[in-house]
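This is what each chain is made of:
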Amino acid sequence: MSYESTDRTLLARDGDPRIGIVVFPGSLDDRDAARAVRAAGAQPVMLWHKAPDLLGVDAVILPGGFSYGDYLRAGAIARFSPVMEAVVDAARRGMPVLGICNGFQILCEAHLLPGALIRNAHRHFRCVDQPLRVENTSTAWTTGYTKGARIVVPSKHGEGRYVADDRTLAELEANGRVVVRYLERNPNGSLHDIAGITNEAGNVVGLMPHPEHAIDTLTGPSTDGLGFFVSLVRSMVPA
């Protein structure tokens, strides 16, 4: 599955959706996320972690990286950054929120998503172009995909193993809240091959792979990741 950029100028225009990207100490994929937002036809707005104001954005992305050096646990300190109080409140009111890699870890630490991300089962950092299967196309971030579609998105992490208790896993599976699942190989030992999940409302999604690194074939293995951003933008822009 491939997507083409809907952005004609890569410059913000009046009326474009405004997507906030939180910048923590140690964030390293924030600019890549901003590029993906622009490629999808929206305006990226960088949100500093110490400012408890979302600046009127329409959605929020928590990008990948190593917030606060992954001290204590990955995402455990970032969860208490001033901006996160506003993110949690907005998410509970229905604002779309996407957490990528470290952002997924932060969403779990903030209890916007269940479960936890722990050290990879093989104890090594792993960077691969990862095949995935799209399981849920009803979230704010996946409506542009076809259920069951195979996509390829880079995956790079050392603490990406998704774990949860049996009851939580059963609820995720029964209610269709697994968003994407690892195919062909499981790079970290995640239970049920889970690569991404959503909350019950479908507005909050956490992904361990990096869709922002798969928006064009010049810098990534495919354009398969652009669909996450295009899905959101198309839902906000009148036809």
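Residues numbered from 1 in each chain as written. Predicted model: local features only at pLDDT ≥ 70, side-chain atom pairs only at ≥ 80, totals over all residues. Heavy atoms only, no water.

### A word on the nonpolar core
Applicable threshold: Here, the term nonpolar core denotes a set of buried Ala, Val, Leu, Ile, Met, Phe, Trp, Tyr and Cys residues that are joined through side-chain atoms within 4.5 Å. Each residue gets one of three labels from its accessible area relative to the maximum for its type: buried under 20%, exposed over 50%, partly exposed in between, using a 1.4 Å probe on protein chains only. By definition, any uninterrupted DSSP run of H or I lasting at least four residues is a helix, any uninterrupted run of E lasting at least two residues is a strand, and each is numbered from the N terminus. Note on contacts: a residue pair qualifies if any of its non-hydrogen atoms lie within 4.5 Å across the two residues.
Ranked by internal contacts, the top residues of the largest apolar core, which has 71 residues, are Leu54, Val60, Ile61, Met84, Trp141, Tyr162 and Phe229. The dominant element in this core, judged by the number of residues it contributes, is helix 2 (residues 82-92), at seven residues. Setting aside residues up to four positions removed in sequence, phenylalanine 229 forms contacts with Ala36, Val37, Ala40, Ile61, Leu98, Ile100, Pro211 and Glu212.

### Focus on the sheet that holds strand 10 (residues 194-198)
Convention followed: Paired strands, as defined in this entry, are two strands with at least two bridges between them according to DSSP. To obtain each axis, a line is fitted to C-alpha atoms, and for helices this fit is confined to the stretch in contact; angles are then taken between N-to-C directions over 0 to 180 degrees.
Spatially, 2-1-3-4-11-10-9-6-7 is the arrangement adopted by the nine strands of the open sheet, whose pairing is mixed. Each edge of the open sheet carries a strand with a single partner, namely strand 2 (43-48) and strand 7 (150-157). Direction aside, the axes of adjacent strands within the sheet are offset by 25° on average. Relative to the sheet, helix 1 (residues 30-39) contacts strand 1 (18-23), strand 2 and strand 3 (59-62), its axis offset from that of strand 2 by approximately 155°.

### A short note on a nonpolar patch on the surface
Under the convention used in this document: Like charges within 9 Å and nonpolar side chains (Val, Leu, Ile, Met, Phe, Trp, Tyr) within 5 Å are joined into patches, using only residues over 30% in relative accessible area that form no salt bridge. The protein chains shown are the only cover counted for residues, whose accessible areas, like all others here, come from Shrake-Rupley with a 1.4 Å probe. Put simply, a salt bridge is a Lys or Arg side-chain nitrogen that is within 4 Å of an Asp or Glu carboxyl oxygen.
On the surface, Leu28, Phe66 and Phe125 cluster together to form a nonpolar patch covering roughly 280 Å² of accessible area. Here leucine 28 is to be found in the loop between strand 1 and helix 1. The partly exposed category is assigned to leucine 28, whose relative accessible area is 41%.

### Considering the pattern of salt bridges
Side chains bearing opposite charge may pair, as long as their charged atoms lie close to each other. Summed over the entire model, instances satisfying the criterion amount to eight salt bridges. Among the ionic pairs, lysine 156 bridges to aspartate 29, the shortest N-O distance being 3.1 Å. Of this pair, lysine 156 sits in strand 7 while aspartate 29 sits in the loop between strand 1 and helix 1, placing them 127 residues apart in sequence. For the salt bridge of arginine 181 with glutamate 173, the shortest nitrogen-to-oxygen distance reads 3.0 Å. The class of arginine 181 is buried, set by a relative accessible area of 13%. The class of glutamate 173 is partly exposed, set by a relative accessible area of 31%. The network of salt bridges with common partners includes Arg133, Glu135, Glu173 and Arg181.

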